[in-house]
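Spelled out, the chains give:
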Protein chains: 2
Amino acid sequence: MPISGFPEWLPPQRMVEQFVLDKIRSTFESYGFAPLETRAVEPLETLLAKGETSKEVYLLRRLQEESSSAPATDDQLGLHFDLTVPFARFVVENHGKLVFPFRRYQIQKVWRGERPQEGRYREFLQADIDVVNRDTLPFHFDTEMPLVIGDVFRSLPIPPAVILVNNRKVCEGFYRGLGLPDTAQVLRTVDKLDKIGPEKVAALLAETAGASDAQAAACLKLAEISASDGSFVDRVRSLGVDDPLLDEGLAELLQVVETADEHASGLVRAELKIARGLDYYTGTVYETQLRGYERFGSISSGGRYETLASVGNTRFPGVGISIGVSRMLGLLFGQNALGVSRSVPTCVVVALPSEDQRAACHRIAAALRKRGIPTEVAPTAAKFGKQIQFADRRGIPYVWFPGSPDTVKDIRSGEQVEADAASWTPPAADLHPTITNL
Amino acid sequence: MPISGFPEWLPPQRMVEQFVLDKIRSTFESYGFAPLETRAVEPLETLLAKGETSKEVYLLRRLQEESSSAPATDDQLGLHFDLTVPFARFVVENHGKLVFPFRRYQIQKVWRGERPQEGRYREFLQADIDVVNRDTLPFHFDTEMPLVIGDVFRSLPIPPAVILVNNRKVCEGFYRGLGLPDTAQVLRTVDKLDKIGPEKVAALLAETAGASDAQAAACLKLAEISASDGSFVDRVRSLGVDDPLLDEGLAELLQVVETADEHASGLVRAELKIARGLDYYTGTVYETQLRGYERFGSISSGGRYETLASVGNTRFPGVGISIGVSRMLGLLFGQNALGVSRSVPTCVVVALPSEDQRAACHRIAAALRKRGIPTEVAPTAAKFGKQIQFADRRGIPYVWFPGSPDTVKDIRSGEQVEADAASWTPPAADLHPTITNL
């Protein structure tokens, strides 16, 4: 009955996911990003206008349409495959009601109709931030994205993250300065480096972009450059290519690396082979690796887009980055790297001496809940041993025994003390389930 | 560009929605419900097996299927139309990994392909709780549902809620005891009372269920009964019908009313005309009205289901209730009944004296964020008047001026004081946007 590519977590894993989502959300909000949620569907033409994923779209059809001979009354609708395209559409639709620069975050499911493979889902959760402005967007916003993402990852009990950054202006300026005018074709070809290796890329560059051996070699040299500091600039310069767009790209990329280094050392690395498949990026591009999980690819990606949204002559350029939450959790769960201290939110089970005392037990539970202590009343008036087992099987730390006076037992240590439901408080570490880095 | 039936809120409304969702979630967790999220899609056969909404399902089709002549490789998938049917499927699929009784909450979008009308959406957010057990589920769980929902609504700045409760055993036992064996048909007919009125219901009862005038009148008398206390029992008895199922239903319904009354006076009302359209309810049924919004119908509904899920000979009976979050917010937004104190999470804007001080301003912002204060750095080094305007247009209360020493200004009062980013803290009421009952 599971459907391939549509993952479902059991409640303990969902608790980990919620913990992660809460951290993501509070970090996004700490930078002033406002929440947004867009509908799950877009007109097919909106989905097809952008990006290379057109073949992966799920279309919707009402069941009753099938059985009637009347034509569909709706325009074709499809499920969104990312959160950037719906956001751009939302900005265009609501630009008169928004204050620019507009910073928003969006945490939602997206769907892709592709054939599932390891770590690839058809339904998955993304957490995006973007800033858009009217007409032009100052470059410093590109330098802020890695700071936010860095703060998110540092707030989670996971391996360190490294954000790999490049700038399409560097590549395009370099290719142009090298005498290869079809820069998009070169970029697409170099993007295959990790898949097919340098020899085949060189051959393809000759074949599809008319590159000489020396030009192809220079493209490969550029793609090899990787540095955690500003040293990449000299390494690019040493390849002897000169172009104003290259200069602009290098200055931008340097600004991203230096800003990140000042905020958190080792967070960002200039990696000049990064390209990102999607068409709409025009400058900075980001990918993110988790240490120890490099082979699984990027878990947080994005970039600058100058032309995704426009109304008449007014453009709304933006920059954004997306965390692949399902992808990241799928990898970590797959390695048993994350767990939770209990399988329910409950901190206290109120034991039930007899069924006719249920109302009294409800009152005890209400008094505890009122002070923020998650509490359940035992389901049946079984023997106390069975009621303790009920708590134990779920990892619930405390059982409350009504009496004169009431007592509460820490079932891990066996310690039992007198307690008043109006004032007893568990240690802070026991109040909610805790997430553990296994 | 808006698509009828697919609502989208602007960020201030989304902030209200998140506030409501946070309250719902923390209340659900305070009762020990564990989080669950199921995939958005189910096999069509799962969706069609239950409920009356089969005609409202959205089916999925991959875009590439359309252009190829090959047959679809997937079984037909549709978007779920509620969260109960997917939950029942999840329990059946994972019963070996769950501990029973299993309490879960689920807050997700659902989709219905119906024609939209006022207050009806095609995509909307539901927040559900359910308890299921193996074989049998003690009745007291039916009495707990209204307590949870009552606590949720009392935590929100909205009009008081009244939960209307009935029990299908009361109706079915009554109809049977009255000599009308097709109780399902009678129930469906009486359910039309609010739409078509008593005369037409009486005529339909004669026509479709073979009711005599006296029998139809008795059915209508039963439907008129409404009481906030146990007095409904005598009023039903006075109609002179006798049936063991009726006795059982009355005892159950009385238990729900009495438990709720002890927890929160006025929260629950026995309302004997409530039936709920969906087929799968077998005992208790719930609906919820907001005072002043009664004409818009129920914003939280549910009931007991004995037979929704089973594996071989093992049944998993359950009881649950669902809050129609989008429906409720749509009504309240429509009446301008809910607002928020600012349009962004930001509490402080760090003013930028000149672009070359951006790194220093980032450090101030980082120090404030570290202590949980949402902070943005101004987008440009404009004149301070313009930077204050940037904050003012978003309702951000504080602007921070770097200097020797730094100062922070409350732009509402104009008060400006010396401050240190390592220790300054705003009043608690200013830290996050506050939700207001307008």
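- For chain A, the name recorded in an unreviewed UniProt entry is Histidine--tRNA ligase, with Actinoplanes siamensis as its organism.
- Note on chain A: under the UniProt heading Subunit (unreviewed entry), the record states "Homodimer."

**Considerations on the sheet that holds strand 9 (residues 268-271) of chain A**
Residue and element names in this part refer to chain A.
Then comes step 1: The strand order 1-5-6-14-11-10-7-9-8 describes an open sheet built from nine strands, whose pairing is mixed. Each end of this open sheet is capped by a strand with a single partner; those strands are strand 1 (34-35) and strand 8 (226-227).
Then comes step 2: Strand direction decides the pairing type here: strand 11 (residues 300-305) and strand 14 (residues 318-324), joined by six bridges, are antiparallel. Among the inter-strand pairings, Gly303 is bridged to a residue of strand 14, identified as Gly320.
Then comes step 3: In the packing of helix 6 (residues 168-177) onto the sheet, the strands contacted are strand 7 (161-167) and strand 10 (284-290), and the crossing angle to strand 7 comes to about 40 degrees.

**Comments concerning the interface of chain A and chain B**
Then comes step 1: In this assembly, 93 residues from chain A lie in contact with 94 residues from chain B.
Then comes step 2: When the two sides are added together, the surface that chain A and chain B hide from each other amounts to roughly 7,800 Å², 57% of it contributed by carbon and sulfur.
Then comes step 3: Looking only at chain A, the three residues that lose the most surface to chain B are A:Glu8, A:Arg61 and A:Leu63, adding up to 9% of its buried area.
Then comes step 4: Remark: the boundary between chain A and chain B carries twelve salt bridges.
Then comes step 5: A:Arg14 is paired through a salt bridge with B:Glu37; the nearest N and O atoms lie 3.2 Å apart.
Then comes step 6: With nine residues, the single largest contributor to the side of chain A that touches chain B is helix 1 (residues 11-30) of chain A.
Then comes step 7: For the side of chain A that touches chain B, a count of residues per class yields 44 nonpolar, 18 polar and 31 charged.
Then comes step 8: Both strand 3 (residues 58-62) of chain A and strand 3 (residues 58-62) of chain B contribute to a ladder of five bridges, which runs antiparallel.

**A short note on unusual backbone geometry**
Then comes step 1: The peptide bond linking A:Ser404 to A:Pro405 adopts the cis configuration, its omega dihedral lying at 0 degrees.
Then comes step 2: When you line up the elements, A:Pro405 lands in the loop between strand 18 (398-401) and strand 19 (407-410).
Then comes step 3: For A:Asp135, which is not glycine, the phi torsion reads 70 degrees and is therefore positive.
Then comes step 4: Take A:Asp135: it is sitting in the loop between strand 6 (123-132) and helix 5 (140-154).
Then comes step 5: Unusually for a residue other than glycine, B:Asn336 sits at a positive phi of about 50 degrees.
Then comes step 6: The residue B:Asn336 is located in the loop between helix 12 (325-334) and strand 15 (338-340) in this model.
Then comes step 7: Accessibility expressed as a relative area gives 57% for B:Asn336, which makes it exposed.

Each value, and the rule that gives it
Residues numbered from 1 in each chain as written. Chains lettered and ligands numbered in written order. Predicted model: local features only at pLDDT ≥ 70, side-chain atom pairs only at ≥ 80, totals over all residues. Heavy atoms only, no water. UniProt positions renumbered as here; feature names shortened; annotations may be inferred. Pairing = 2+ DSSP bridges. Helix = DSSP H or I, 4+ residues; strand = E, 2+ residues; numbered from the N terminus. Contact = heavy atoms within 4.5 Å. Axes fitted to C-alpha atoms, helices over the stretch in contact; angles between N-to-C directions. Buried area = accessible area lost by both parts, 1.4 Å probe. Salt bridge = Lys/Arg side-chain N within 4 Å of Asp/Glu carboxyl O. Nonpolar A, V, L, I, M, F, W, Y, C, P; charged D, E, K, R; others polar. Buried < 20%, exposed > 50% of the residue type's maximum accessible area, 1.4 Å probe, protein only.

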